[in-house]
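# A closer look at the structure
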Protein chains: 2
Amino acid sequence: MRELASACYRLLQNRTVFHTISIRVLPGFGQLYPSKDGGSAMFLTSNRIHGYEIARATELGEQSCLHTLFARQPVEHLTPGQSLFFEGDSAKHVFDVIEGTLRIFRIISDGRRIITGFVHAGDIVGVSLKGNYLYSAEAITATKVRRLTRKAFDMAVADSEELRPQVFAHVCDEMAAAQDQMVLLSCKNAEERLCSFLLKYLRRTMSEGALQPIVDLPMTRLDMGDYLGLTIETVSRTITKLTSKGVLGPAGRHSLRIIKPATLAQLAGDGDEYEDSRRDFVVHGERRRH
Amino acid sequence: MRELASACYRLLQNRTVFHTISIRVLPGFGQLYPSKDGGSAMFLTSNRIHGYEIARATELGEQSCLHTLFARQPVEHLTPGQSLFFEGDSAKHVFDVIEGTLRIFRIISDGRRIITGFVHAGDIVGVSLKGNYLYSAEAITATKVRRLTRKAFDMAVADSEELRPQVFAHVCDEMAAAQDQMVLLSCKNAEERLCSFLLKYLRRTMSEGALQPIVDLPMTRLDMGDYLGLTIETVSRTITKLTSKGVLGPAGRHSLRIIKPATLAQLAGDGDEYEDSRRDFVVHGERRRH
DNA sequence: CGTTCGTTTGACTCCTCTCAATGGCAGTGG
DNA sequence: CCACTGCCATTGAGAGGAGTCAAACGAACG
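Below: a short report on this structure. Just so it is clear, the model here is predicted, and its values are computed rather than measured.

## Some thoughts on the overall build of chain A
When helices and strands are tallied, chain A shows 10 helices and 11 strands. Taking all 290 residues of chain A together, the buried fraction comes to 54%. Contacts in chain A between residues at least 24 apart in sequence constitute 71% of all its contacts with a sequence separation of at least 6. Accessible area of chain A: about 13000 Å², with a carbon and sulfur share of 57%.

In structure tokens, the structure reads:
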């Protein structure tokens, strides 16, 4: 069944005009979320065995950073909506994202989509799996990636005392993120979910040395909803509510200005973030759980 | 704050009678879920460096199975409710569960508990982390474990070409489980969550060669609720509903008889499980999403 | 036999989903 | 230059599923 959903999704990817047709053909898959500019041709992962990669990768084994493994690989470009790989495909490559954002998601049998994460520039995708990809990856914005065959990647890592702990750390971070997401989905209400989400992006933005507390959200409300376990309407309503509270302010099409970061942190309900709680005042002190 | 919650939880673990007192002292932590027989003393993880373990572990390096690393370690016994380690503690040990069941959970600032998983006999806990435990572990039933220092474990693994992929596979399985859990929490209703849960246990039970489709659920409704992102009332009501549908039947205090496994699989809504869908008939064909 | 703890059941509330309509922006073609 | 169209976002009204509060029940245990 998953194969069917996946196949159907690919079909949608390949469509030129008739994407709504596919939806009617398979009533079970009512919401296969055709991507914005799905007119682009499907991105086929090449199955060539890059023998030369292996040699090159191992020879770079003494380098300290995982990214250096990818340094000499050709850069591949993805247009928004283009797929990098599909759930269920045999996991032949590991990817280093140089620029852009991707969504990582699964489609379940009734056609719903669950975004399990977003991947940004500097991240590496496709490490923590054996055999087949557990999820699909799709570009949200124009994206540049470099790829390495798993074989090359694994060999380089196996040979390097330096890289192995890095890979392990990477997997641990992924695990920690998954746990946080489980906490969010388990017992946070819409406002807390959104605040947690924005807070994460705010931290990332600020740590990159941004001057203004403006977060860029390349994804659509649908993406956010599918990530946070909410509908687009609820996401939209919650943003409106936070704006009217004065926590957020508008800042362009795909951006939000965080006016009260500390309130945002409080509303996120993670609890253990006290750093800047007194930088602004709580307007509405309510803290109810559903 | 997390430290406070954790500390408060430890306090509760140590309590003899006055566990409700602690709750009132810290209004934020209204539901610290004192464990059933919390009268037991707190289990302190020993910090001795087992130098001899390391030698022994490496000398066992040529063995094929991860469990053999633990084979010569002394068996430790945990009574129900006893803690193995706490969230935030520095992750000094890796554990091999020989017998019994543990819950793996996190406490968030408002006192809620999220169970991220259950650990059964044959599982290994504490692998996929660096530095500190991301969660607490607590025995549900009488449990037997063996421990190895991380140092010994890591060294043995690093030295063995055989063990490394096993550890990697283990981490991948954990990751896959986390993803499945995210799907469950993201977009399944109470019935689907419970069915998924029961189905997982049923599969485990049957694969162990059980003759009867009876799943043993050592945990309480509260544990199930905290795992599935539901309240005890909803868990209870859903079980009642499934029983009245004829899918489940009572089978003792902590057990459930699965009368219609295929219906259970259908209701779980995972989609890609067709194997035995025709073994029984769907009574109520409804398949709504909330 | 009484207490305690876990479970079940009921009544009610409320948060989020669903359905539906509107608004706004961007790209396209006349 | 402007209407048209498609997509995304917003807003509203209504419904329903799960949470909350409360009480009763049942099993285990001293």
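## Looking at the pairing of strand β8 (residues 143-149) of chain A
The side chains of a regular strand alternate between both faces of the sheet. Residues and elements named next belong to chain A. Counting buried positions along β8 gives 6 out of 7 residues, so the element sits mostly inside the fold. Bridge count between strand β1 (residues 76-78) and β8: 3 bridges; the pairing is antiparallel. Directly across from leucine 78, in β8, lies its bridge partner threonine 143. Strand direction decides the pairing type here: strand β3 (residues 93-99) and β8, joined by 6 bridges, are antiparallel. Paired with glutamate 99 across the strands is lysine 144, a residue of β8.

## Notes on the sheet that holds strand β5 (residues 113-120) of chain B
Strands sit in the order β2-β7-β4-β5 (chain B) across an open sheet of 4 strands; the sheet is antiparallel. The open sheet has two edge strands with one neighbour each: β2 (83-85) and β5 of chain B. Put simply, the sheet's adjacent strands are angled 30° from each other on average, direction ignored. Against the sheet, helix α6 (residues 163-187) of chain A touches β4 (101-107) and β5 of chain B, its axis set at about 125° to β5 of chain B.

## Overview of helix α4 (residues 150-159) of chain B
All names here are of chain B. Within α4, burial applies to Arg150, Ala152, Phe153, Ala156 and Val157. Buried residues of α4 fall within an arc of 165° about the axis and therefore sit on the same side. Across from the buried face of α4, at angles greater than 90 degrees, the exposed residues are Lys151 and Asp159.

## Details of the nonpolar core
Ranked by internal contacts, the top residues of the largest apolar core, which has 72 residues, are Phe197 of chain A together with Phe197 of chain B. Residues Val127, Leu148 and Val167 of chain A together with Leu69 of chain B belong to the second largest nonpolar core, which totals 28 residues.

## Some remarks on the interface of chain A and chain B
In this complex, chain A contributes 43 residues to the contact, which on the side of chain B involves 42 residues. Contact between chain A and chain B buries roughly 4100 Å² in total, counting both sides, with carbon and sulfur atoms accounting for 64%. Of all residues in chain A, the largest losses of buried area upon contact with chain B belong to Met175, Gln179 and Met182 of chain A, amounting jointly to 15% of the total for that side. Counting every contact that joins chain A to chain B gives 4 salt bridges.

## Let's talk about the sheet that holds strand β6 (residues 124-125) of chain B
Residue and element names in this part refer to chain B. Reading across the sheet, the 4 strands line up as β1-β8-β3-β6 and stay open at both edges, with antiparallel pairing between neighbours. Looking at which strands have only one partner, the edges of the open sheet turn out to be β1 (76-78) and β6. Across 2 bridges, the pairing between strand β3 (residues 93-99) and β6 is antiparallel. When the bridges of β6 are listed, aspartate 96 appears paired with isoleucine 124. The sheet strands contacting α4 are β3 and β8 (143-149), and the helix crosses β8 at an angle near 70°.

## Quick notes on the packing of helix α7 (residues 190-207) of chain A against helix α10 (residues 261-268) of chain A
Residues and elements named next belong to chain A. In contact at an axis separation of 7 Å, α7 and α10 are set at 130° when each is read in the N-to-C sense. The pairing of α7 with α10 is recorded here as oblique in orientation. For the crossing formed where α7 meets α10, the hand is left-handed. Touching Glu191, Glu192, Cys195, Ser196, Leu198, Leu199 and Leu202 of α7 are Pro261, Leu264, Ala265, Leu267 and Ala268, all from α10.

## Structural notes on the relation of the copies chain A and chain B
The operation relating chain A to chain B is a screw motion whose rotation component is 180°, with 0.0 Å of axial translation and a residual RMSD of 0.0 Å. Taken together, the turn and the small shift mark the pair as related by a two-fold rotation axis. A shared binding surface is used by both copies, with 98% of the interface residues of chain A retained as interface residues in chain B.

## With respect to the pattern of salt bridges
Applying the stated criterion to the full structure yields 28 salt bridges over all chains. With a shortest N-O distance of 3.0 Å, arginine 106 of chain A and aspartate 180 of chain B are connected by a salt bridge. Residue arginine 106 of chain A is found in strand β4 (residues 101-107), and its partner aspartate 180 of chain B is found in helix α5 (residues 163-187); the two belong to separate chains. Two residues, glutamate 191 of chain A and lysine 241 of chain A, come together in a salt bridge whose shortest N-O distance is 3.6 Å.

So, how was this worked out
Starting from 1, residues in each chain are numbered consecutively following that chain's sequence as written. Chain labels run from A onward and ligand labels from 1 onward, assigned in the order the entries are written. A pLDDT threshold of at least 70 governs which residues receive local features in this predicted model, and a stricter bar of 80 or more applies before side-chain atom pairs are shown or counted, although totals over entire chains, interfaces and linings include all residues. With hydrogens and water stripped out, all remaining heavy atoms of the structure feed into the side-chain values. Runs of H or I in DSSP of at least four residues are treated as helices and runs of E of at least two as strands, each being numbered from the N terminus. Any residue under 20% of the maximum accessible area for its type is buried, any over 50% is exposed, and the rest in between are partly exposed; the area is computed with a 1.4 Å probe on protein chains only. Only heavy atoms enter the contact rule, under which two residues are in contact if any of them lie within 4.5 Å. For the accessible areas, the method is Shrake-Rupley and the probe is 1.4 Å, while residue cover comes only from the protein chains on display. Being paired, for any two strands, means DSSP has found at least two bridges between them. Axis definition: a line fit to C-alpha positions, over the contact stretch in the case of helices; interaxial angles, taken between N-to-C directions, run 0 to 180 degrees. Our arc is simply the arc of the directions from the helix axis toward the C-beta atoms. What we call a nonpolar core is a set of buried Ala, Val, Leu, Ile, Met, Phe, Trp, Tyr and Cys residues that are connected through their side-chain atoms within 4.5 Å. What counts as buried area is the accessible surface, traced by a 1.4 Å probe, that two parts surrender upon association, with contributions from both included. One side-chain nitrogen of Lys or Arg within 4 Å of one carboxyl oxygen of Asp or Glu is enough to make a salt bridge. Here is the rule for angles: anything less than 35 degrees is roughly parallel, anything more than 145 is roughly antiparallel, 65 through 115 is roughly perpendicular, and the remaining ranges are oblique. By definition, turning the near helix anticlockwise from the far helix through less than a right angle yields a left-handed crossing, and turning it clockwise yields a right-handed one. A residue counts toward the fit only if its pLDDT is at least 70 in both copies, and the copies are then superposed by least squares on the C-alpha atoms of those residues.

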